[in-house]
Amino acid sequence: MFLYGVAVPLEYVDDLTPAKWIAERLHPFAQDAGAIIPPGFDAYARIFHPAMRRVDQVDVPVRWREIANSNLRVHHSEMQFGAIAGGSALKRGSQPGLWDRPPTTGTLPLDIARVLVGLLRGQTTTPERCWFAAWEGWGDPVFMTSRGSMDSPAPPLPGVSSRPKTRTFKVPGRGYYIARGPLSAALETVYGATVNYRSASIWWPDDRAWCVATEVDFDWTYVGGSNECVAAVLGHPDLEALPARISDGVSYASDPINPKPLA
């Protein structure tokens, strides 16, 4: 399959064994960052998805730092977008002159995915054999249980020929289809959708040198890996990223510094 001019084959599989280590490590659903990305790596980074400002019919990324500074809020590793933007702006869905569209939720922006593919290729011995976990609930109503999501049948995503006809991997609160492919397959949208890019929720190389995780309800992404790997993520000029800890909170009320957004 060719997407965005790149050949990126992605094959959904029934063998869920490659993802078993993730369920064995994850913390209970929504407890902290360790419920999103597996504990056990040397270091972690939190990548903030940018908001967007419309300038001359072009969407321009707006970093969380700019929004925090403009609203006299503190830019720090555990900040939440609602806390730095303010409740009224969050409810309105924009802050005129600063941002017109909030950060993308549940998927990596494609530009960030491209940067990560380039960075992470040199941080694994198995770049041609990687694994991708795609949330089973895209396009479906999701009913949560202690064993994972229980999705009822629903029409596929727009532009999708068919949903994967494979088994799903369950963790508390979530279920995922598992696919394999080269690292470049991170640039292929899940289920083969052709309308908008939607990234895999979790992806990692076969040698487990690092892991990338984007929770479907959050507007940021975690990367876990070696100290060298995470330092490369934190230092890249095209990423807004800060160090993260497994114990970091993940709810809208988790920001310990900025005021909670009021409805």
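What counts and how
- Residues numbered from 1 in each chain as written.
- Predicted model: local features only at pLDDT ≥ 70, side-chain atom pairs only at ≥ 80, totals over all residues.
- Heavy atoms only, no water.
- Helix = DSSP H or I, 4+ residues; strand = E, 2+ residues; numbered from the N terminus.
- Buried < 20%, exposed > 50% of the residue type's maximum accessible area, 1.4 Å probe, protein only.
- Contact = heavy atoms within 4.5 Å.
- Areas by Shrake-Rupley, 256 points an atom, 1.4 Å probe, with all protein chains shown as cover.
- Pairing = 2+ DSSP bridges.
- Salt bridge = Lys/Arg side-chain N within 4 Å of Asp/Glu carboxyl O.
- Core = buried A, V, L, I, M, F, W, Y, C linked by side-chain atoms within 4.5 Å.

Colleague: Before we move on, can you summarise the overall build of the protein with the specific residues and values?
Modeller: Looking only at helices and strands, one finds six helices and 15 strands in the protein. Each of the 263 residues in the protein was classed as buried or not, and the buried ones make up 56%. Nonlocal contacts in the protein, meaning residues at least 24 apart in sequence, comprise 71% of its contacts between residues at least 6 apart. Total accessible area on the protein is roughly 11,800 Å²; 54% of this is exposed by carbon and sulfur atoms.

Colleague: Outline the pairing of strand β11 (residues 174-181), listing residues and values.
Modeller: Burial runs high along β11: seven of the eight residues are buried. Pairing of strand β3 (residues 11-13) with β11 involves three bridges; the strand directions are antiparallel. By the bridge assignment, Val-13 is partnered in β11 with Ile-178. When strand β7 (residues 130-135) meets β11, the two strands line up antiparallel, connected through six bridges.

Colleague: Any chance you could break down helix α5 (residues 110-120) for me, citing the residues and the numbers?
Modeller: In terms of residue burial, α5 counts as a mostly covered element, since eight of its eleven residues are buried. Those residues of α5 that fall on the buried side of the exposure criterion are Leu-110, Ile-112, Ala-113, Val-115, Leu-116, Val-117, Leu-119 and Leu-120. Elements that come into contact with the buried residues of α5 comprise β4 (43-48), β12 (202-205), β13 (211-213), β14 (220-225) and α6 (227-235).

Colleague: Pulling in residues and values, what's your account of the pattern of salt bridges?
Modeller: All chains considered together, the criterion is met by twelve salt bridges. Of the charged contacts, one joins Asp-206 and Arg-129 as a salt bridge, the two residues approaching to 3.8 Å between their closest N and O atoms. Of this pair, Asp-206 sits in the loop between β12 and β13 while Arg-129 sits in the loop between α5 and β7, placing them 77 residues apart in sequence. Exposure remark for Asp-206: the relative accessible area of 35% places this residue in the partly exposed category. Taken together, the salt bridges that share partners define one network made up of Arg-54, Asp-59 and Arg-101.

Colleague: Please provide a residue-by-residue account of the nonpolar core, values included.
Modeller: In terms of nonpolar packing, the biggest core is built from 80 residues, with Ile-67, Leu-116, Phe-132, Ile-178, Trp-203, Trp-204 and Val-233 touching the most fellow members. In terms of residue count, α5 provides more of this core than any other element does, eight residues in total. Those residues in contact with Ile-67, other than ones at most four positions away along the chain, are Ala-51, Val-62, Phe-81, Ile-84, Ala-85, Leu-98 and Trp-99.

Colleague: I'd like to hear about the side chain of His-76, residue by residue, with values.
Modeller: Looking at where His-76 falls in the secondary structure, it is placed in the loop between α2 (64-70) and α3 (81-85). Setting aside anything within four residues of it in sequence, one finds His-76 in contact with Phe-48, Leu-242, Asp-255, Pro-256, Ile-257 and Asn-258.

Colleague: Pulling in residues and values, what's your account of unusual backbone geometry?
Modeller: In this model, Gln-57 sits at a positive phi of 65°, which is unusual for a non-glycine residue. Inspection of the secondary structure puts Gln-57 in the loop between β5 (51-55) and β6 (58-62). Even without being a glycine, Arg-208 presents a positive backbone phi close to 60°. Tracing the sequence through the fold places Arg-208 in the loop between β12 and β13.

Function cannot be inferred from these measures alone, as they are strictly geometric.
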